[in-house]
Amino acid sequence: AQSVTQLDSQVPVFEEAPVELRCNYSSSVSVYLFWYVQYPNQGLQLLLKYLSGSTLVKGINGFEAEFNKSQTSFHLRKPSVHISDTAEYFCAVSEGGGFKTIFGAGTRLFVKA
Amino acid sequence: DAGVIQSPRHEVTEMGQEVTLRCKPISGHNSLFWYRQTMMRGLELLIYFNNNVPIDDSGMPEDRFSAKMPNASFSTLKIQPSEPRDSAVYFCASSPQGAGNTIYFGEGSWLTVV
């Protein structure tokens, strides 16, 4: 069965600093990987996704993630964060041919001035 | 195009009362999901439908919870009777059919059971 582990529940960082949010998954078959962002009092929205091809995926708001099959990871990065990036970030996985998408527990990114 | 529409946005109800949450998915989307979010348990998938048919309801916590999708443009999640531990944000989401497709979330229904 597929599962997702987000290794950090909270990540505080200063404005304009780089950030990496970590995500590991487990699955016995090929997977699709996603990062979603949830701003306060809103639903989740897609940041980026990996389906196939290049392992480096670029998303909205300057975020990118790298799929590493050998390490079963899909870490999210941004070289310089803004106050407006303060939100909760969810890693998610779905298996090829399946309907189900499983979300991680979320990482709360707090950007300080 | 309108996104996923949920109602009510906020509801406060007394323990024992019936609660009905409503959802209108994005037109043309074949899959519909109900999620529950709490501080303690994070984001949990309760049930999902494909082409109006429930595919997996293993996440529904107990018999007090039920969900229906009578047609492609409407779904309900009902809690009867409600309990204080049901207090949470309930999200409806929809997507085109297929595992690699983006899931589009509504803004959530904030339920408080007192």
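Scroll up a little and you will see the structure.
Residues numbered from 1 in each chain as written. Chains lettered and ligands numbered in written order. Predicted model: local features only at pLDDT ≥ 70, side-chain atom pairs only at ≥ 80, totals over all residues. Heavy atoms only, no water.

## Let's talk about the pattern of salt bridges
Within the structure shown, the criterion is met by 15 salt bridges over all chains. Note that glutamate 64 of chain A is salt-bridged to lysine 58 of chain A, the shortest N-O span being 2.8 Å. The partner of lysine 78 of chain A in a salt bridge is aspartate 85 of chain A, with the nearest N and O atoms 2.8 Å apart. For lysine 78 of chain A, a relative accessible area of 7% corresponds to the buried category. Among the charged side chains, a network of salt bridges with common partners joins Glu62, Arg64, Glu83, Arg85 and Asp86 of chain B. (Salt bridge = Lys/Arg side-chain N within 4 Å of Asp/Glu carboxyl O. Buried < 20%, exposed > 50% of the residue type's maximum accessible area, 1.4 Å probe, protein only.)

## Notes on the state of the cysteines
All names here are of chain A. Counted under the stated rule, the structure contains two disulfides over all chains. Here cysteine 23 engages in a disulfide with cysteine 91; their sulfurs sit 2.0 Å apart. Measuring handedness by torsion sign, the sulfur bridge of cysteine 23 and cysteine 91 sits at about -65° and is left-handed. Placement of the pair is cysteine 23 in strand S4 (residues 23-26) and cysteine 91 in strand S10 (residues 87-95), with a sequence separation of 68 residues. Here cysteine 23 falls in the buried class, since its relative accessible area comes to 0%. (Disulfide = S-S within 2.5 Å. Helix = DSSP H or I, 4+ residues; strand = E, 2+ residues; numbered from the N terminus.)

## Digging into the nonpolar core
Soluble globular proteins tend to pack their nonpolar side chains together in the buried interior. Formed by 28 residues in total, the largest nonpolar core has its most connected members in Leu33, Trp35, Leu47, Leu48, Phe74, Leu76 and Tyr89 of chain A. Core analysis: the second largest hydrophobic core is formed by 21 residues, Met60, Ala67, Ala88 and Tyr90 of chain B among them. (Core = buried A, V, L, I, M, F, W, Y, C linked by side-chain atoms within 4.5 Å.)

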